[in-house]
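Descriptive analysis of the structure
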Amino acid sequence: MFITEEIKMNNFPLYDRLNTELPQTELKDLSVKEKEQCVEKLKQLDQSGQELVYMLIKSSSEDGALVPYGGQMWKTDMRFNFNDFPTRLKHLINNFLALHTAVKRETSERTF
C-alpha cells in the first residue's frame, strides 16, 4: 500500500467529501460490532481500496508521519490498530467501506 507523497494530504477530495457528510458535532464512537465489521471489510479490500483507506488515514493525520496513529511498516504494507484512530476517522472509514463495497458490487453486477 504505497502511494507517492505528491498529493497534498489535506486536499484529498474523497476525504473532504466524506468529512462534510458527517455531522460537525462530536461523534459517538462506533459500536464493537461496527468496528469488527470494519476490520473484516478492511481485510478484504483490493489494492485500490487499501490505497484509498491509507489516503484517508494520512489526510486525517496532522503530524505528517508516513505511518500515522501508531501504525507499523511491514515488508509489503502498513498495519494499523483501528482502535487507535480518532472517532471521526473511524466513521470516515466506515462510510468509505460502505460506499466502496456498493460500487464494487454494482460494477460486478454490470459485468455479468
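All of the points below concern the structure found in this document. (Residues numbered from 1 in each chain as written. Predicted model: local features only at pLDDT ≥ 70, side-chain atom pairs only at ≥ 80, totals over all residues. Heavy atoms only, no water.)

**Considering the overall build of the protein chain**
- In terms of helices and strands, the protein chain carries 4 helices and 2 strands.
- Scanning the protein chain from its N terminus toward the C terminus, one meets helices and strands in the order α-α-α-β-β-α.
- Evaluated residue by residue, the protein chain yields a buried proportion of 33% over its 112 residues.
- Considering only contacts in the protein chain between residues 6 or more positions apart, those separated by 24 or more positions represent 72%.
- A total of about 7,400 Å² of accessible surface is found on the protein chain, and carbon and sulfur atoms cover 52% of it. (Helix = DSSP H or I, 4+ residues; strand = E, 2+ residues; numbered from the N terminus. Buried < 20%, exposed > 50% of the residue type's maximum accessible area, 1.4 Å probe, protein only. Contact = heavy atoms within 4.5 Å. Areas by Shrake-Rupley, 256 points an atom, 1.4 Å probe, with all protein chains shown as cover.)

**Here's the deal with the packing of aromatic side chains**
- According to the stated counting rule, one finds 3 aromatic pairs in the structure shown.
- For the ring pair phenylalanine 80 and phenylalanine 85, a centre distance of 5.7 Å and an interplane angle of 50° mean the geometry is tilted.
- Centre to centre, the rings of phenylalanine 82 and phenylalanine 85 are 5.8 Å apart; their planes meet at 75°, and the pair counts as edge-to-face.
- With a relative accessible area of 6%, phenylalanine 82 lands in the buried category.
- Within the aromatic cluster, the residues linked to one another by ring pairs are Tyr69, Phe80, Phe82 and Phe85. (Phe/Tyr/Trp six-rings, centres within 6.5 Å; stacked < 30°, edge-to-face > 60°.)

**As for the pattern of salt bridges**
- Tallying each qualifying case throughout the model produces 6 salt bridges.
- A salt bridge links aspartate 29 to lysine 35, with the nearest nitrogen and oxygen atoms 2.9 Å apart.
- Classification of aspartate 29 as partly exposed rests on a relative accessible area of 30%.
- With a shortest N-O distance of 2.8 Å, lysine 104 and aspartate 46 are connected by a salt bridge. A residue pair is termed long-range when its members are at least 10 positions apart, and lysine 104 in helix α4 (residues 87-111) and aspartate 46 in the loop between α2 (32-43) and α3 (47-60) qualify at 58 residues. (Salt bridge = Lys/Arg side-chain N within 4 Å of Asp/Glu carboxyl O.)

**Structural notes on the nonpolar core**
- Leu56, Ile93 and Phe96 are the most contacted members of the largest nonpolar core, which has 23 residues in total.
- Beyond its immediate chain neighbours, meaning those up to four positions away, isoleucine 93 contacts Leu42, Val53, Ile57, Phe82 and Phe85. (Core = buried A, V, L, I, M, F, W, Y, C linked by side-chain atoms within 4.5 Å.)

**What to know about the environment of leucine 45**
- Tracing the backbone through its elements, the reader meets leucine 45 in the loop between α2 and α3.
- With relative accessibility at 11%, the residue leucine 45 sits in the buried group.
- Linking leucine 45 and leucine 97, residues 52 residues apart in sequence, is a C-alpha distance of 8.8 Å.
- Ignoring any residue separated from it by four or fewer positions in sequence, one finds leucine 45 in contact with Gln50, Val53, Leu97 and His100.

Any link to function would need more than the numbers given here.
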